[in-house]
Amino acid sequence: MDVKTLSKLTKWMETTDLEEITWKDGEGKISLKLNNQPEHHAALSSTLIPVSSPSIGIFRFSRPGKTNTLKEGASVKKDQELGAVEVGKDHKPVPAPADGFLKIISVEEGKPVEYGQPLFFIEPR
Amino acid sequence: MFKKVLIANRGEIAVRVIRTLKEMGVQSAAVYSEADRSCLHVRMADEAVCIGPAMARESYLNIAAVISAAKLTGAEAVHPGYGFLAENAGFSEACAKNGMVFIGPSPKSIRLLGHKTAARKMAVKAGIPITPGTMDCVSKNCGPEAEKIGYPIMIKAAAGGGGKGIRIVREKSQLVHELQMAQSEAGAAFGNDEVYLEKYIETPRHIEVQFVRDSHGSTAAFPERDCSIQRRHQKLLEESPSPAVNQALRKKLEEAGLSLAEAAGYVGVGTVEFLLDKDGNFYFMEVNTRLQVEHPVTEFITGADLVREQLLAAAGEKISFANGRSVAFTGHAIEHRVNAEDFTRNFAPSVGRVEEWLLPGGPGVRVDTHVYQGYSLPIYYDSMLAKLIIWGRDRDLAVARSARALDEFRVSGIKTTLDAHRLIVENENFRAGRTDTGFMERLLAPADSADRLVGVQAGRPS
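The sections below set out a description of the structure shown in this document. Note that the structure is a prediction, hence the values are computed from the model and not measured.

**What to know about the overall build of chain A**
Looking only at helices and strands, chain A has one helix and eleven strands in total. For chain A, the N- to C-terminal ordering of α and β elements is α-β-β-β-β-β-β-β-β-β-β-β. Buried positions account for 22% of the 125 residues belonging to chain A. Residue pairs at least 24 apart in sequence account for 54% of intrachain contacts in chain A once pairs closer than 6 positions are excluded.

**Here we look at the interface of chain B and chain A**
At the junction of the two partners, chain B supplies 13 residues and chain A supplies twelve residues. For the side of chain B that touches chain A, the elements supplying multiple residues, two or more each, are β3 (47–52) and α3 (63–73) of chain B. When the residues that make up the side of chain B that touches chain A are grouped by side-chain class, the tally is eight nonpolar, four polar and one charged.

**Details of the nonpolar core**
Judged by nonpolar contacts, the single largest core of 104 residues is most densely connected at Ile56(A), Leu6(B), Ala69(B), Val78(B) and Phe274(B). Apart from residues lying up to four places away in sequence, Ala69(B) is in contact with Ile56(A), Leu6(B), Val31(B), Val49(B) and Ile51(B). With 36 residues, the next largest nonpolar core counts Ala340(B), Tyr375(B), Ala398(B) and Val399(B) among its residues.

**Side note on helix α1 (residues 11–23) of chain B**
Residues and elements named next belong to chain B. Taking 1.5 Å per residue, 13 residues should reach 18 Å; α1 reaches 19 Å between its end C-alpha atoms and fits that length. Of the residues making up α1, those classed as buried are Gly11, Glu12, Ile13, Ala14, Val15, Arg16, Val17, Ile18 and Leu21. Positive backbone phi, approximately 70°, marks glycine 25, located one or two places after α1.

**Quick notes on the pairing of strand β11 (residues 225–231) of chain B**
Residues and elements named next belong to chain B. Counting buried positions over the seven residues of β11 gives seven, a clear majority of the element. The pairing of strand β9 (residues 205–213) with β11 spans two bridges and is antiparallel. When the bridges of β11 are listed, glutamate 208 appears paired with arginine 225. Bridge count for β11 against strand β12 (residues 234–240) is four bridges, and the pairing is antiparallel. Considered in β12, the bridge of aspartate 226 is made with glutamate 239. A loop of two residues connects β11 with β12, the two strands running antiparallel in sequence, and arginine 232 in this loop sits at a positive phi of about 55°.

**Let's talk about helix α1 (residues 3–14) of chain A**
The terminal C-alpha atoms of α1(A), which comprises twelve residues, lie 17 Å apart, in line with the 16 Å expected from a rise of 1.5 Å per residue. Burial within α1(A) is sparse, with just zero of its twelve residues counted as buried.

**Some words on the sheet that holds β3(B)**
Read across the sheet, five strands follow the order β3-β2-β1-β4-β5 (chain B) without closing on themselves; strand pairing throughout is parallel. Single-partner strands in this sheet number two, and they are β3 and β5 (101–102) of chain B.

**As for the environment of Gly270(B)**
Residue and element names in this part refer to chain B. Note that glycine 270 resides in strand β13 (residues 268–276). Glycine 270 sits in the buried class, given 27 other C-beta atoms within 10 Å. Sequence-wise, glycine 270 and glutamine 210 are 60 residues apart; in three dimensions their C-alpha atoms are separated by 6.0 Å. Each residue touching glycine 270, except ones within four places of it in the same chain, is listed here: Pro105, Phe211, Ala261, Val287, Asn288 and Thr289.

**Examining the packing of helix α5 (residues 107–114) of chain B against helix α6 (residues 116–125) of chain B**
All names here are of chain B. Where α5 meets α6, the closest approach of the two axes is 5 Å, and the angle between their N-to-C directions is 85°. As far as their axial angle goes, α6 and α5 are roughly perpendicular. From α5, Arg111, Leu112 and Leu113 reach across to α6, where they touch Ala118, Ala119 and Met122. Partitioning the contact of α5 with α6 into residue classes produces five nonpolar, no polar and one charged.

**A look at unusual backbone geometry**
Backbone phi values are negative for most residues with the exception of glycine, while trans is the configuration of most peptide bonds. All names here are of chain B. Here the residue pair tyrosine 151 and proline 152 is connected by a cis peptide bond, since its omega of 0° sits within 30 degrees of zero. Mapped onto the elements, proline 152 comes out in the loop between α7 (143–149) and β6 (153–157). A cis geometry characterises the amide bond from serine 240 onward to proline 241, with omega recorded as -5°. Looking at the secondary structure, you find proline 241 in the loop between β12 and α9 (247–263). The phi angle at phenylalanine 84 is positive, at roughly 40°, despite the residue not being glycine.

**Here we look at the environment of Thr219(B)**
Residues and elements named next belong to chain B. Along the chain, threonine 219 turns up in strand β10 (residues 219–221). Taking the C-alpha atoms as reference points, threonine 219 and proline 53, 166 residues apart in sequence, are found 41 Å from one another. Not counting residues up to four positions away in its chain, the partners in contact with threonine 219 are Phe211, Arg213, Leu258, Ala261, Glu262 and Arg325.

Parameters at a glance
Throughout this description, residue numbers start from 1 for each chain and increase along the sequence as written. As a convention, the first chain written is A and the first ligand written is 1, with the rest following in written order. Only residues with pLDDT of at least 70 get local features here, since the model is predicted, and only at 80 or more are side-chain atom pairs given and counted; chain-wide, interface and lining totals rely on the full set of residues. Each helix is a run of DSSP H or I of at least 4 residues and each strand a run of E of at least 2, with the numbering of both proceeding from the N terminus. As a rule, residues whose C-beta atom has 12 or fewer other C-beta atoms within 10 Å are exposed, those with 20 or more are buried, and those in between are partly exposed; C-beta atoms are placed from the backbone. Our contact criterion uses C-beta atoms placed from the backbone: two residues qualify when those atoms are within 7 Å. Three classes are used, and their members are as follows: Ala, Val, Leu, Ile, Met, Phe, Trp, Tyr, Cys and Pro are nonpolar, Asp, Glu, Lys and Arg are charged, and the others, Gly among them, are polar. Only buried Ala, Val, Leu, Ile, Met, Phe, Trp, Tyr and Cys residues enter a nonpolar core, and they are joined through C-beta atoms within 7 Å. Take the residue count of a helix, subtract one, and multiply by 1.5 Å to get its expected span. The pairing criterion is simple: DSSP has to find at least two bridges between the two strands. Here an axis means a line fitted to C-alpha atoms, over the contact stretch when the element is a helix, while the angle between two N-to-C directions is reported on a 0 to 180 degree scale. Roughly parallel here means an angle under 35 degrees, roughly antiparallel means over 145, roughly perpendicular means 65 to 115, and every remaining angle is called oblique.

Below, the structure is given as structure tokens:
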């Protein structure tokens, strides 16, 4: 399931009185549970590990001079650099948190990102 | 005027700035740390971006992250609030370098007036009396300089403010230890451990003059604020005008403030702080090159909107007070700082979730706050919850109104300084306008103070 669909599903849930739904398909299972705190954010619980941005800034898949070869479905190793966030003169690396497969890429080259924003989702091996 | 302004701050001051931006039709962009996702300023702003984890050093004090947020949101100007980067010349420069207007004075003004020893030199040049002390920062071998001034002395942070990095030394033997403490506190609070020495004037009154100046040469000075009620050099209650200042003295203080602003070529709002001794002599202490926490008391008696004046000055427009140098006022205003501190445990910070939050209202009552019912206090930032500001047609009426409003103010789930304020407004000396910087120590000192606390709490059912 892609992030856009997840987002639509979450928004739809908030308009109902459902508290929890589980979605299973051939690829896996996702549970969505709304908590009752004032913020009404859906808590995503799934097997996918999100990779959050280490900083606010501009996301780059590759360092200057190198080329990017990352695609969804690619195999990644723990600590492998998936990209970097440019902030001021710094380049903050975005390492993979575990060995696995790059299930979802939810960021684009050169786009501004916030601290903590999910950039990738990894299916652990 | 700007189309969009980023507020590089949080909490009540961010809320304050957003309110004026809305009134002026300017878009607001907020920044927040991970710990501040549910902070009120995030909800009030037109847009908000997360700039870092909870620690201030990695979020609100992170210049690269704040500049990045301004670029991301397309803000043309940045309002730094107070504290954090408000008096950081490096941040002011970074804004300029990145094509944004810093809503505050130029880096040059900040360096000139924000650095305490540089400001003292300027004051001397402008013919303003200064507190006896060193004209430069001191090293650890400052014994001879301290002797020359004469004990008791104060060690003060040169890059300081907000009551941090200040130590009083009464005897030669304490100097080395207190110097180390002051330097390390200053280093931690301001990233700069430079300190200088001043004569410690026993229990003076702390009087400050708000001024505003635009790039067209118009200057205006507001009636003085009296901020003598402090605890450990942190202000707790402020009022305007000062019960100790008559019109003649007011004129002198305002003139001193304005001549300093003009000498520094200052554009924006700022405050000149003075000490007033028991004989009515005043001494220049320092300049604050930012909007201050207690600005609402000035707004209440003059009808000014100081944030608006900041925006006008920063946008190169004329301030609203171009016609007069001394702003007219009416009545009396008092501000009570309500902090999340346990008054009965030496003002230890209180944490938790705000359960009951019932604000006072009615004539002459203003509350500036970011707190709401159900809000969980983050532990990473200052303990300010709210500012309760009161206006009355004269001081007696204002004090009576303060007592009434403090009684209406109900908070549960966390401890606050409300009880301390209730004690203050009942105090005979406070009511008579007899206050100085030793007031809080005397109020809290008496042997039967525990009984008095119980008396206060028993008399006020929550």
